[in-house]
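# Overview (structure and organization)
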Amino acid sequence: MPKKIDQFLSTTINIDSSCIHQTTLFGHTNLQHLNPSDHSAISVEMSTPEPDYKGSTGTGGVKTHVVVDVVLRVVLFATSLVALIVMVTSKQTKLVPVAPGMAISMVANFDQTPAFIYFIVAMSVACLYGIITGALSILALLKLKQGSMKLVLHFAILDTLLLGILASATGAAGAVAYIGYKGNSHSRWNKVCNVFDSFCGHVVGSLAVSLLPSIALLLLVWLSVFMFSKKIRMV
């Protein structure tokens, strides 16, 4: 019997009483010498190459994802820093008349309101987080390793957590700022922005800029979900 070896496909037939090794082209095996009434156990093992999932995404797709990730994290850091600086520099001192010919010096600052303190802490955490994760993304861009899905998973979890923190901080600070502008007659909370106009201007500007870090984090979460969806489709 001629021996022909095909490098791409091999078939091995094992019989309990005797062992027959036969290799043919295109996967066809000659079984004419086998007894049909033989109840021996026959096991056929086909060796096929496993698909290579690592190279299916392509270096270009991974590079594009990492570049977008780095850009969004730079935006997160820059906008959080701007919102932080604007809020910290909101201090205003003004003479407030309390009686005819009498005025007292009053100071309006962010540290007088717990909601603004929470806002400052949240923006500080966002700045630090943007620096650390941005550096990790740059390292991933330089190495361009395919097996970085664990890093993407960690980023997705932390991005979602920080997005909730920033959203709550912006909402709390925005509620206090609204009361400062409009007041509340039912609770007898007087508006203060008619007196401390510069302070309220800084607060409003900081709150407006603080929406950008939240948007950047939302886009980062969507980007991570998109990468995971591509990975699931490949599997």
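Scroll up for the structure.
Below: a short report on this structure. (Residues numbered from 1 in each chain as written. Predicted model: local features only at pLDDT ≥ 70, side-chain atom pairs only at ≥ 80, totals over all residues. Heavy atoms only, no water.)

## Remarks on the pairing of strand β5 (residues 102-108)
Rules: Pairing between two strands requires that DSSP report at least two bridges joining them. To qualify as a helix, a DSSP run of H or I must reach at least 4 residues; to qualify as a strand, a run of E must reach at least 2; elements of each kind are numbered from the N terminus.
Bridge count for strand β4 (residues 92-99) against β5 is seven bridges, and the pairing is antiparallel. Bridge pairing links Lys94 to Met106 in β5. The loop that links β4 with its antiparallel partner β5 comprises two residues; one of these, Gly101, has a positive phi angle of about 75 degrees.

## Re the packing of aromatic side chains
Under the convention used in this document: Aromatic pairs are defined between Phe, Tyr and Trp rings, using the six-membered ring for Trp, whenever the two ring centres lie within 6.5 Å; interplanar angles under 30 degrees are classed as stacked, those over 60 as edge-to-face, and all others as tilted. Here, over-ring charges are defined by two tests on the NZ atom of lysine or the CZ atom of arginine: distance to the ring centre within 6 Å, and angle to the ring normal within 35 degrees.
On inspection of all chains with the given rule, the structure shows one aromatic pair. The ring of Phe155 has Arg73 lying over it, and the distance from NZ or CZ to the ring centre is 4.2 Å.

## Regarding the pattern of salt bridges
We apply this condition: For this analysis, a salt bridge means a side-chain nitrogen from Lys or Arg found within 4 Å of a carboxyl oxygen belonging to Asp or Glu. The classification of residues rests on relative accessible area computed with a 1.4 Å probe and restricted to protein chains. Under 20% of the type maximum is buried, over 50% is exposed, and intermediate values are partly exposed.
For the coordinates displayed, the defined rule picks out two salt bridges. For Asp69, the salt bridge is made with Arg73, and the minimal N-O distance between the two is 2.8 Å. Pair noted here: Asp69 and Arg73 are both in helix α1 (residues 59-88), with a separation of four residues, about one helical turn. Here Asp69 falls in the buried class, since its relative accessible area comes to 5%. Among the ionic pairs, Arg73 bridges to Asp159, the shortest N-O distance being 3.0 Å.

## Let's talk about unusual backbone geometry
Non-glycine residue Arg188 carries a positive phi angle of around 60 degrees. By the element assignment, Arg188 lies in the loop between α3 (149-182) and α4 (197-234).

## Observations concerning the state of the cysteines
Spelled out, the test is: For this text, the term disulfide refers to a pair of cysteine sulfurs within 2.5 Å.
One pass over the structure, following the stated rule, counts one disulfide. Here Cys193 is linked by a disulfide to Cys200, with a sulfur-sulfur distance of 2.0 Å. Judged by the torsion about the S-S bond (-90 degrees), the Cys193/Cys200 disulfide is left-handed. Judged on exposure class, the residue Cys193 and its partner Cys200 are both buried.

## Considering a nonpolar patch on the surface
Selection rule: Any residue with relative accessible area above 30% and no salt bridge may belong to a patch, with like charges joined within 9 Å and the nonpolar Val, Leu, Ile, Met, Phe, Trp and Tyr side chains within 5 Å. Calculation of accessible area relied on Shrake-Rupley with a 1.4 Å probe; when residues are assessed, cover is drawn exclusively from the protein chains displayed.
A cluster of nonpolar side chains, Leu128, Ile131, Ile132, Leu136, Ile138, Leu139 and Leu142, forms an exposed patch at the surface whose accessible area comes to about 670 Å². Within the secondary structure layout, Leu128 lies in helix α2 (residues 114-143).

## Structural notes on the layout of surface pockets
To find leftover empty space, one rolls a probe the size of a water molecule over the atoms. Heads up, the rule is: The distinction between a cavity and a pocket rests on a 1 Å grid over the protein atoms alone: a 1.4 Å probe fits inside a cavity but cannot get out, while a pocket stays open yet meets protein on both sides within 12 Å along at least five of seven lines, and a residue with an atom within 4 Å of a point counts as lining. Grid points are joined across faces, edges and corners, and a volume is the space filled by probe spheres set on the points.
Quantified by volume, the second largest pocket comes out at close to 370 Å³. For the second largest pocket, the lining is made up of 23 residues, of which Thr113, Val176, Gly180, Val192 and Phe199 are closest to its centre. Per element, the largest residue contribution to the lining of the second largest pocket is five residues, and it comes from α3.

Bear in mind that shape data such as this cannot, by itself, settle questions of function.
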